Amino acid sequence: MADPSSYRPKPGQIPDSPGVYKFRDEHRRVIYVGKAKNLRQRLANYFQDLAGLHPRTRTMVTTAASVEWTVVSTEVEALQLEYSWIKEFDPRFNVKYRDDKSYPYLAVTLNEEFPRVQVMRGAKKKGVRYFGPYGHAWAIRETVDLMLRVFPVRTCSAGVFKNAERTGRPCLLGYIGKCSAPCVGRVTPEEHRDLAEDFCDFMAGRTGTYIRRLEKDMMQAAEEMEYERAARLRDDAEALKRAMEKSAVVLADATDADLIAVAEDELEAAVQIFHVRGGRVRGQRGWVTDKVEAVDTAGLVEHALQQLYGEETGDSVPKEVLVPALPEDPDAVSQWLADRRGSHVSLRIPQRGDKKDLMGTVQRNAQQALGLHKTKRASDLTTRSRALEEIAEALGLDTAPLRVECFDISHLQGDDVVASMVVFEDGLARKSEYRRFQIKGFEGQDDVRSMHEVIGRRFKRYLQEKERTGEWEDTPAPTGPVPAPGAPVPAPGGPVPAPGGTGETDGTVEAGGTAEAPGTVEAGGTGETPGTAETPRSAETPRTGEPGPGTVAPAAQDPVTVREEPREDDGRPKRFAYPPQLVVVDGGQPQVAAAKRALDELGIDDIAVCGLAKRLEEVWVPDDDDPVVLPRSSEGLYLLQRIRDEAHRFAITYQRAKRAKRIRSSPLDDVPGLGETRKQALIKHFGSVKKLRQATIDEICEVPGIGRRTAESVAAAFATAAPAAPAVNTATGEIIEEDDGGSRT
């Protein structure tokens with residue numbers, strides 16, 4: 001525990017300007033980020049008598065080992081910089097709201113030639129119009145099904161659309177009148193886009209115009225005795241009315257507003273948001289957070305506004321935001337919201353009328369969400385604590401293993417051998433810490449040797465991080481100004497190895513390397529959808545820089561956008577910097593012995609090792625011929641099984657993705673400088689790889705974006721590549737040939 005007076009800056013060093021400050025711990029990790037109108041006054045509050053500080057603030061300042069600050073020109077810039085740093089560094093003492101689920105949106109892909117209506121989750125994409133979020137995906141589909149009668153917009157996937165184009169036959173929705181069938185030319189691209197824009201206008205709340213138009217056309221058709229057409233128009237109007245009834249009118253003046261309510265106790269807080277568009281509730285979402293810092297309701301509201309609108313622009317930020325308490329500096333927050341929207345935003349507390357009544361409804365939802373969360377968490381926390389205690393008792397550990405790392409090997413008959421590392425902290429998965437490895441030390445199938453290689457590589461990196469941060473030397477963490485961005489920083493423990501210089505980086509594959517989210521991956525790294533949070537970032541990857549303490553961010557330039565080379569003391573989580581208390585391997589005695597041998601070779605003797613064998617779920621420990629048998633009803637065994645199964649899932653997902661990529665490889669992959677866009681352009685131009693293989697260099701040059709040199713490289717790649725083996729129909733034994741259109745016959 002550090003004494004705050006040991007790193008307290010001198011009074012004259014701290015400016016009295018607006019700015020953002022960072023507290024770092026002894027390992028140079030950022031643990032808290034805050035902003036202030038007056039840095040000198042705000043920072044002085046942290047260095048008063050510890051007895052007078054809030055318990056959470058006292059814990060933070062005694063954990064910290066240094067403090068830094070950045071001066072900005074305005075309070076709005078301070079708000080933006082604070083949000084950016086909290087998002088980037090993920091400080092442990094900052095309030096962070098986390099969604100308990102991924103909310104679905106109704107999306108219209110206006111960035112496509114033929115816009116598509118669909119349900120979308122995850123990160124928002126440029127050129128796509130979003131409505132929501134909604135509580136359930138089925139609610140979106142029911143609404144869309146009603147509206148397709150009036151706005152027959154395309155809802156099919158790209159594959160279905162292309163197949164209909166090729167065959168000249170629309171899908172079922174085209175036959176029953178719920179799609180205008182642009183795939184077969186029933187409407188022009190311009191007419192279909194008009195339908196999509198009308199759909200968006202209706203969803204945005206401009207409903208009266210369309211219903212009145214349909215009723216007028218219905219009456220006109222009836223007067224002209226076109227009764228069938230009049231009946232269709234009547235049904236269309238009724239369908240739109242039923243769609244509108246699914247979101248009740250709550251504000252009679254067609255208001256566009258977001259209402260935010262907070263329910264809190266001493267330890268946790270829940271936030272509920274109602275999205276009102278055109279006077280109707282169009283979406284709802286909620287967050288729950290631990291109150292890890294001393295923060296009041298106004299502070300919770302400000303954090304919620306930052307998370308809710310930090311990535312939004314334009315109409316996604318409403319004209320009016322109603323809150324239970326105004327932030328500390330409401331003018332700065334309002335200006336920040338207005339900058340993101342592009343026009344004035346009203347931030348206020350509702351005082352009377354329908355808006356106050358609706359705020360009461362949102363508040364009740366927040367209180368119910370907090371109560372439900374506490375009920376679930378109480379049971380879950382007790383179970384996890386008991387599981388960790390049982391594991392510690394069974395393995396003879398001094399303390400419960402708060403950080404557990406599990407390793408697994410995956411391959412297919414000795415090909416594409418990979419390994420996974422998953423991390424559980426306090427019994428919960430820490431997906432941003434997941435890592436994946438390619439086995440490159442040898443070829444073939446040898447799980448024991450693979451395990452030895454992976455454990456050795458992982459903990460070599462750990463030792464390098466310890467040496468680089470100077471943890472082997474009992475030197476205190478530096479306090480005060482840091483070098484300017486881009487300046488070289490010598491390592492306390494010796495020279496800094498260049499990225500990849502150890503040979504470990506090449507063998508390590510980040511979880512973000514596949515299609516699954518950074519991130520932050522489920523933010524990647526698991527081979528699932530991009531945008532989920534499993535994608536860990538490489539420490540060697542250049543990221544957004546920030547000015548050092550005492551530096552001034554120019555007013556004309558956003559300090560967050562300055563890029564710099566990554567520094568070893570930048571406060572971001574390192575890839576292998578934090579050791580576990582327990583290493584679990586998927587396997588029995590041989591795998592455990594290999595893992596223990598790898599640690600012994602590196603001189604690491606303070607990390608426990610065990611293995612979980614699948615057949616009888618026995619727990620093996622080093623240098624013991626008999627396994628540890630946990631009761632079948634043991635919470636400790638359940639936790640070990642969950643960790644082992646997660647490592648297996650993570651490894652096999654990566655192995656399958658790697659194998660699929662190898663199977664899908666083509667000679668075009670070996671052409672230098674030929675990216676995915678130009679590959680697709682070549683295939684689209686010629687129709688198939690077979691035709692491309694037969695094309696001459698001059699014919700290849702006719703493809704837009706393909707020059708003479710690239711065309712020669714493409715032709716050379718096909719000339720040297722072995723022809724693909726013919727496909728065989730396993731039922732008849734016939735060889736399947738490719739026709740001129742590129743399909744198999």
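Residues numbered from 1 in each chain as written. Predicted model: local features only at pLDDT ≥ 70, side-chain atom pairs only at ≥ 80, totals over all residues. Heavy atoms only, no water.

S.K.: Explanation requested: the overall build of the protein in the structure shown.
M.R.: Counting its regular elements, the protein contains 19 helices and 23 strands. The burial tally for the protein puts 47% of its 745 residues in the buried class. In the form shown here, the protein has an accessible surface area of approximately 36400 Å², with 51% of it arising from carbon and sulfur atoms. (Helix = DSSP H or I, 4+ residues; strand = E, 2+ residues; numbered from the N terminus. Buried < 20%, exposed > 50% of the residue type's maximum accessible area, 1.4 Å probe, protein only. Areas by Shrake-Rupley, 256 points an atom, 1.4 Å probe, with all protein chains shown as cover.)

S.K.: I keep staring at unusual backbone geometry and nothing clicks. Help me out?
M.R.: The phi angle at Met 225 is positive, at roughly 60°, despite the residue not being glycine. Looking at the secondary structure, you find Met 225 in the loop between α8 (208-223) and α9 (227-245). On the basis of relative accessibility, which here comes to 61%, the residue Met 225 falls in the exposed class. In the Ramachandran plot, Asp 426 falls in the positive-phi region, its phi being about 55° despite a non-glycine side chain. Asp 426 gets classed as partly exposed once you look at its relative accessible area, which sits at 36%.

S.K.: I tried to follow the state of the cysteines on my own but got confused; where do I start?
M.R.: Here, disulfide denotes a covalent bond that connects the sulfur atoms of two cysteines. Evaluation of the coordinates by the stated rule reveals 0 disulfides. Take Cys 171: it sits in no disulfide, and the sulfur closest to it among the cysteines is that of Cys 179, at 5.4 Å. (Disulfide = S-S within 2.5 Å.)

S.K.: Sorry, what's going on with the sheet that holds strand β7 (residues 129-131) here?
M.R.: By definition, the strands of a sheet pair up through backbone hydrogen bonds, in either a parallel or an antiparallel sense. Here we have 3 strands laid out as an open sheet, ordered β6-β5-β7, and antiparallel in their pairing. Looking at strand neighbours, the two that pair on one side only are β6 (117-120) and β7, the edges of this open sheet. Ignoring which end each strand starts from, the neighbouring axes of this sheet average 30° apart. (Pairing = 2+ DSSP bridges. Axes fitted to C-alpha atoms, helices over the stretch in contact; angles between N-to-C directions.)

S.K.: Even after reading the chapter, I still don't get the packing of aromatic side chains, so can you show me in this structure?
M.R.: The geometry of two aromatic rings is summed up by the distance between their centres and the angle between their planes. Evaluated as defined, the whole model comprises 14 aromatic pairs. Here the aromatic rings of Tyr 21 and Tyr 46 are separated by 5.6 Å at their centres, their planes lie at 65°, and the arrangement is edge-to-face. One end of the pair, Tyr 21, is in strand β1 (residues 19-24); the other, Tyr 46, is in helix α1 (residues 39-46), and 25 residues separate them in sequence. On the numbers, 5.9 Å between centres and 85° between planes, the contact of Tyr 105 with Tyr 130 is edge-to-face. Of the two residues, Tyr 105 is situated in strand β5 (residues 105-108) and Tyr 130 in strand β7; the sequence distance between them amounts to 25 residues. A relative accessible area of 17% means that Tyr 130 is categorised as buried. A network of ring pairs unites the aromatic residues Tyr 7, Tyr 21, Phe 23, Tyr 32, Tyr 46 and Phe 47 as a single cluster. Above the plane of the ring of Tyr 654 lies Arg 436, whose end atom (NZ or CZ) is 4.4 Å from the centre. (Phe/Tyr/Trp six-rings, centres within 6.5 Å; stacked < 30°, edge-to-face > 60°. Lys NZ or Arg CZ within 6 Å of the ring centre and 35° of its normal.)

S.K.: Would you take a moment to explain helix α14 (residues 589-601) for this structure?
M.R.: Since the α-helix advances by 3.6 residues per turn, residues separated by three or four positions end up pointing in the same direction. When the terminal C-alpha atoms of α14 are compared, their 18 Å separation across 13 residues agrees well with the 18 Å that a helix rising 1.5 Å per residue should span. Those residues of α14 that fall on the buried side of the exposure criterion are Gln 591, Val 592, Ala 594, Ala 595, Ala 598 and Leu 599. When α14 is viewed along its axis, its buried side chains cluster within an angular range of 160° and face the same direction. Just past α14, the residue Gly 603 takes up positive phi, approximately 75°. (Expected span 1.5 Å × (residues − 1). Arc of directions from axis to C-beta.)

S.K.: How do you make sense of the pattern of salt bridges when you look at a structure like this?
M.R.: Close approach of charged atoms lets side chains of opposite charge pair. Under the definition given, this model contains 25 salt bridges. With its nearest N and O atoms 3.2 Å apart, the salt bridge here joins Glu 328 to Arg 42. With Glu 328 in the loop between β11 (320-322) and α11 (330-341) and Arg 42 in helix α1, this residue pair connects regions lying 286 residues apart in the sequence. Residues joined in a network through salt bridges with shared partners are Arg 403, Glu 405, Glu 425, Arg 430, Glu 433 and Arg 458. (Salt bridge = Lys/Arg side-chain N within 4 Å of Asp/Glu carboxyl O.)

S.K.: Can you walk me through helix α7 (residues 189-203) in this structure?
M.R.: With 15 residues, α7 should reach 21 Å at 1.5 Å per residue; the first-to-last C-alpha distance of 21 Å fits that figure. All buried positions along α7 are accounted for by His 192, Leu 195, Ala 196, Phe 199, Cys 200, Phe 202 and Met 203. Looking straight down α7, one finds its buried side chains confined to an arc of 165°; they lie on one side.

S.K.: Sorry if this is basic, but what is going on with the packing of helix α3 (residues 75-89) against helix α10 (residues 297-309) here?
M.R.: Two quantities define a packed helix pair, namely the angle between the helix axes and the distance between the axes. Following both chains from N to C, one finds α3 and α10 inclined at 75°, their axes separated by 10 Å at the closest point. As far as their axial angle goes, α10 and α3 are roughly perpendicular. Judged by residue contacts, Leu 79, Glu 82 and Tyr 83 of α3 engage Glu 302, His 303, Gln 306 and Gln 307 from α10. Grouping the amino acids of the contact of α3 with α10 by side-chain chemistry returns 2 nonpolar, 3 polar and 2 charged. (Parallel < 35°, antiparallel > 145°, perpendicular 65-115°, else oblique. Contact = heavy atoms within 4.5 Å. Nonpolar A, V, L, I, M, F, W, Y, C, P; charged D, E, K, R; others polar.)

S.K.: So what exactly am I meant to see when it comes to a nonpolar patch on the surface here?
M.R.: The grouping of Leu 172, Tyr 175 and Ile 176 at the surface amounts to a nonpolar patch, some 370 Å² of accessible area in total. Relative to the assigned elements, Leu 172 resides in helix α6 (residues 172-175). Accessibility expressed as a relative area gives 62% for Leu 172, which makes it exposed. (Patch = residues over 30% accessible without salt bridge, like charges linked within 9 Å, V, L, I, M, F, W, Y side chains within 5 Å.)

S.K.: Help me understand the pairing of strand β13 (residues 403-412) in this model?
M.R.: Successive residues of a regular strand alternate their side chains across the two faces of the sheet. Taken across its 10 residues, β13 has 8 buried, putting it largely inside the fold. Note that β13 and strand β14 (residues 415-425) share 9 bridges and pair antiparallel. Note on β14: the bridge partner recorded for Asp 408 is Ser 420. The antiparallel pairing of β13 with β14 creates a hairpin that spans 2 residues between the two strands, and Gln 413 there sits at a positive phi of about 55°. Judged from the 4 bridges that link them, β13 and strand β19 (residues 582-586) form a sheet pairing that is parallel. Each bridged residue has a counterpart across the sheet, and for Glu 405 the counterpart in β19 is Val 583.

S.K.: Just checking my understanding: could you explain the confidence of the model for the protein for this structure?
M.R.: Detailed reading of predicted coordinates is not advised where the pLDDT is low. Averaged over all residues, the pLDDT of the protein is 75; the fraction at 70 or higher stands at 77%. Low pLDDT, under 50, characterises residues 473-568; the stretch is placed with 258 contacts to residues that sit more than four places away or in other chains. This model gives residues 738-745 a pLDDT under 50, and the stretch forms 15 contacts once residues within four places in sequence are excluded. (pLDDT = per-residue confidence, 0-100.)

S.K.: I would appreciate a short explanation of a negative patch on the surface in the present structure.
M.R.: On the surface, Glu 113, Glu 165, Glu 190, Glu 191, Asp 194 and Glu 197 cluster together to form a negatively charged patch. Note on placement: Glu 190 falls in helix α7. A relative accessible area of 55% means that Glu 190 is categorised as exposed. (Lys, Arg positive; Asp, Glu negative; His and termini not counted. Charge placed at Lys NZ, Arg CZ, Asp CG, Glu CD.)

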